[in-house]
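Residue-level structural notes
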Amino acid sequence: MVHKKIDLSQLSPAESLLTPTYAARGLANAVSKYEIPETEMLPAIAYNLIHDELGLDGNSRLNLATFVTTWMEPEARQLMADTFDKNMIDKDEYPQTAEIELRCVNILSRLWNAPASAEATGCSTIGSSEAAMLGGMAMKWKWRQRRQAQGKPADRPNLVMGINVQVCWEKFCRYWEVEPRFVPMEGDRYHISPAEAVKLMDENTIGVVGILGSTFDGSYEPIEALNDALEELNQKTGWEVPLHVDGASGAFIAPFLDPDLRWDFRLPWVKSINTSGHKYGLVYPGVGWIIWRDKEELPEELIFHCNYLGGDLPNFALNFSRPGNQVVAQYYNFLRLGKEGYRKIQQTCRDTALYLSGKIAQLGPFELLTDGGDIPVFAWKLKDEVLANTSYTLYDMADKLRERGWLVPAYRMPKNREDLVVQRIVVKEGFSRDMADLLLTDMERAIAYFASQPDHKPKQEGSHFSH
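Everything numeric here is computed off the predicted structure, so don't read it as measured data.

Observations regarding the overall build of the chain
- When you go through the chain residue by residue, the secondary structure sums to 13 helices and 15 strands.
- Compactness check: the chain gives a C-alpha radius of gyration of 24 Å against a globular reference of 23 Å for 467 residues, within 12% of the reference.
- Each principal axis of the C-alpha distribution contributes one length, and for the chain these read about 70 × 65 × 50 Å.
- Put simply, the chain has 467 residues, and 50% of those count as buried.
- Look at the contacts in the chain between residues 6 or more apart in sequence, and 70% of them connect residues 24 or more apart.

Here it is as structure tokens:
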């Protein structure tokens, strides 16, 4: 979030000061909101001031918009508290934390079927967005190396992806001067089409992005079909267009629930995969991971060898100092859960998503786009005949549910399907079948409310929710 400096002269005292109700118990004066105070205060008072304000935030357990983990076991929380002071970048001072990161990279590379003959390489990041950008950088640098070796210009790179990609890919293209080429949605197809993707590729294409779990509707993109299309294209043209899998959510779902699905390094043109540890990796934010199928896929020139506090530090990151406790928590989950534990949790999430989506479809006004059978995420729309004869939209439904504390976003689909407004639910660990039933009850109440308000003016725009 980018913030601007506030003009204090335009604020009233009530707007610029914190005035606690418990002043007589230790704090007698108001405190400036936007300037550092002149004097100190007791730690309990500072805690209470901030704690009281944070009570106005939504209940994270009722936030069905976010993919981010909102619950961890007490032992994991304690382990994270124990390691708040570990600096992930200082591998010379905290060698065991670095060793734990190494173990996680090895665990993920094997989970994603990296070839035994290759030397898979990877690292942790602050989240899947940074991991995606590192994957994009590696693709651009490898493409440029190939172009330069052929004596050809390397000044017009492009990246092919579905219009449904997460916003981090648009950021990557803007920040690293890569032309984004989007495959638009069409009819009932809400993600990339291999045939349409190939039409956008040329000798300047640095790669194509396939999403294992679209944030718009929770569906897997056809990764194996993309690989097969690239195999045919590269054989015919001599290009070497690689495939990067954005597995922000699905890379922690498919290995446990869909082991026969070929989306990972079993496919030869999949050169790199990113994921988010703080989504279905079940860790509090923020931690992400990026793995390349072989060290040759990560250009050496992108790796900085820093002499930091007496040790050589090979580093490829957009950040420098960052806490190591999320990496420690990821390793805790790997040890604590194992494949069996992850499988149980992800299956429970999928079962809950399928149950809830089926019940929502039975409510009457709604039609499912997806049911949560890939990643445990699903979306629905108002039926066409309902939309034409009703006094509310899904934006109204989202607002009505928010009155009860639920965050169930409504949003408009992107290019070629801007006519379609949907709602979406993300089912995570901590969202139980009982909570699903409570949500269904509130949805039934909302439907009954709008039925009793035939003169209600339907809302045509919603909040600034973005993917």
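A look at the packing of aromatic side chains
- One pass over the full model with this rule turns up 15 aromatic pairs.
- Centre to centre, the rings of tryptophan 169 and phenylalanine 172 are 6.2 Å apart; their planes meet at 80°, and the pair counts as edge-to-face. One end of the pair is tryptophan 169 and the other is phenylalanine 172, both in helix 6 (residues 167–175) and three residues apart, which spans about a single turn. For the pair shown, tryptophan 169 and phenylalanine 172 are each scored as buried.
- Aromatic side chains tyrosine 449 and phenylalanine 450 sit 5.3 Å apart centroid to centroid with 70° between the ring planes, which places their arrangement in the edge-to-face category.
- Under the relative-accessibility criterion, phenylalanine 450 is labelled buried at 3%.

A closer look at the sheet that holds strand 14 (residues 410–412)
- The strand order 12-13-15-14 describes an open sheet built from four strands, whose pairing is antiparallel. Taken across any chain shown, the strands that pair with only one partner, and hence form the sheet edges, are strand 12 (366–368) and strand 14. On average, adjacent strands in this sheet sit at an angle of 40° to one another, irrespective of strand direction.
- Two elements, strand 14 and strand 15 (residues 421–426), share three bridges in a ladder whose sense is antiparallel. Residue alanine 410 lies in a different strand from strand 15, and its bridge partner there is glutamine 423.
- Its contacts with the sheet put helix 10 (residues 325–362) on strand 12, strand 13 (377–382) and strand 15, and the angle it makes with strand 13 is roughly 5°.

Structural notes on the packing of helix 12 (residues 394–402) against helix 13 (residues 433–451)
- For the pair helix 12 and helix 13, interaxial distance at closest approach is 10 Å and the crossing angle is 125°. Comparing their axes, helix 13 and helix 12 come out oblique. Helix 13 is crossed by helix 12, and the crossing has right-handed handedness. On the side of helix 12, the interface is formed by Asp396, Met397, Lys400 and Leu401, while helix 13 contributes Leu439, Asp442, Met443, Ala446, Ile447, Tyr449 and Phe450.

Thoughts on the pattern of salt bridges
- Tallied over the entire structure, the rule returns 19 salt bridges.
- Two residues, glutamate 224 and arginine 262, come together in a salt bridge whose shortest N-O distance is 3.1 Å. Placement of the pair is glutamate 224 in helix 8 (residues 223–237) and arginine 262 in the loop between helix 9 (254–257) and strand 8 (270–276), with a sequence separation of 38 residues.
- You can call arginine 262 partly exposed: its relative accessible area is 34%.
- Note that lysine 271 is salt-bridged to glutamate 297, the shortest N-O span being 4.0 Å. Within this pair, whereas lysine 271 is found in strand 8, its partner glutamate 297 is found in the loop between strand 9 (288–292) and strand 10 (304–308), the two being separated by 26 residues in sequence.
- Glutamate 297 sits in the buried class, given a relative accessible area of 18%.
- Sharing partners across several salt bridges, the network here consists of Arg147, Lys152 and Glu203.

Some remarks on the sheet that holds strand 5 (residues 179–183)
- Sheet architecture is open: seven strands sit in the order 3-9-8-7-6-4-5, paired in mixed fashion. Sheet topology places strand 3 (121–125) and strand 5 at the edges, where each strand pairs with a single neighbour. Mean inter-strand twist for the sheet, computed between neighbouring axes without regard to direction, equals 20°.
- For strand 3 and strand 9, the ladder comprises five bridges, and the chain directions are antiparallel. The residue of strand 9 that forms the bridge with serine 124 is tryptophan 289.
- Packing against the sheet, helix 5 (residues 128–149) makes contact with strand 3, strand 4 (158–162), strand 6 (205–211), strand 7 (243–246), strand 8 and strand 9, and its axis sits at approximately 25° to strand 9.

Topic: unusual backbone geometry
- Cis rather than trans, the peptide bond between proline 285 and glycine 286 has omega equal to 0°.
- Within the secondary structure, glycine 286 is located in the loop between strand 8 and strand 9.
- Phi is positive for asparagine 113, close to 60°, though the residue is something other than glycine.
- Within the secondary structure, asparagine 113 is located in the loop between helix 4 (95–111) and strand 3.
- In this structure, leucine 282 is a non-glycine residue whose phi angle is positive, near 70°.
- Following the sequence through the fold, leucine 282 ends up in the loop between strand 8 and strand 9.

Focus: the side chain of serine 219
- On the secondary structure map, serine 219 appears in the loop between strand 6 and helix 8.
- Once residues lying within four places of it in the same chain are set aside, the contact partners of serine 219 are His191, Ile211, Gly213, Ser214, Thr370 and Asp374.

The rules behind each value
Positions within a chain are numbered from 1, following the residues in the order the chain's sequence is written. Totals for whole chains, interfaces and linings use every residue, but because this is a predicted model, local features are given only for residues with pLDDT of at least 70 and side-chain atom pairs only at 80 or more, for both listing and counting. The basis for every side-chain value is the complete set of non-hydrogen atoms in the structure, without hydrogens or water. What counts as a helix is a DSSP run of H or I of at least four residues, what counts as a strand is a run of E of at least two, and both are numbered from the N terminus. Computation of the radius of gyration draws on C-alpha atoms alone. For the globule rule, the value is 2.2 Å times the number of residues to the power 0.38. When a residue's accessible area, from a 1.4 Å probe over protein chains only, is under 20% of the maximum for its type it is buried; when over 50% it is exposed; and in between it is partly exposed. Contacts are assigned to residue pairs with any non-hydrogen atoms lying within 4.5 Å of each other. When two rings of Phe, Tyr or Trp (its six-membered ring) have centres within 6.5 Å they constitute a pair, described as stacked for plane angles under 30 degrees, edge-to-face for angles over 60, and tilted for the intermediate range. Paired strands, in this sense, are two strands between which DSSP finds at least two bridges. The axes used here are C-alpha line fits, helices contributing only the stretch in contact, and every angle between their N-to-C directions lies in the interval 0 to 180 degrees. Roughly parallel refers to an angle under 35 degrees, roughly antiparallel to one over 145, roughly perpendicular to one between 65 and 115, and oblique to any angle outside these ranges. Crossing handedness follows the turn of the near helix against the far one: under a right angle anticlockwise gives a left-handed crossing, and clockwise gives a right-handed one. The working definition used for a salt bridge is a side-chain nitrogen of Lys or Arg within 4 Å of a carboxyl oxygen of Asp or Glu.

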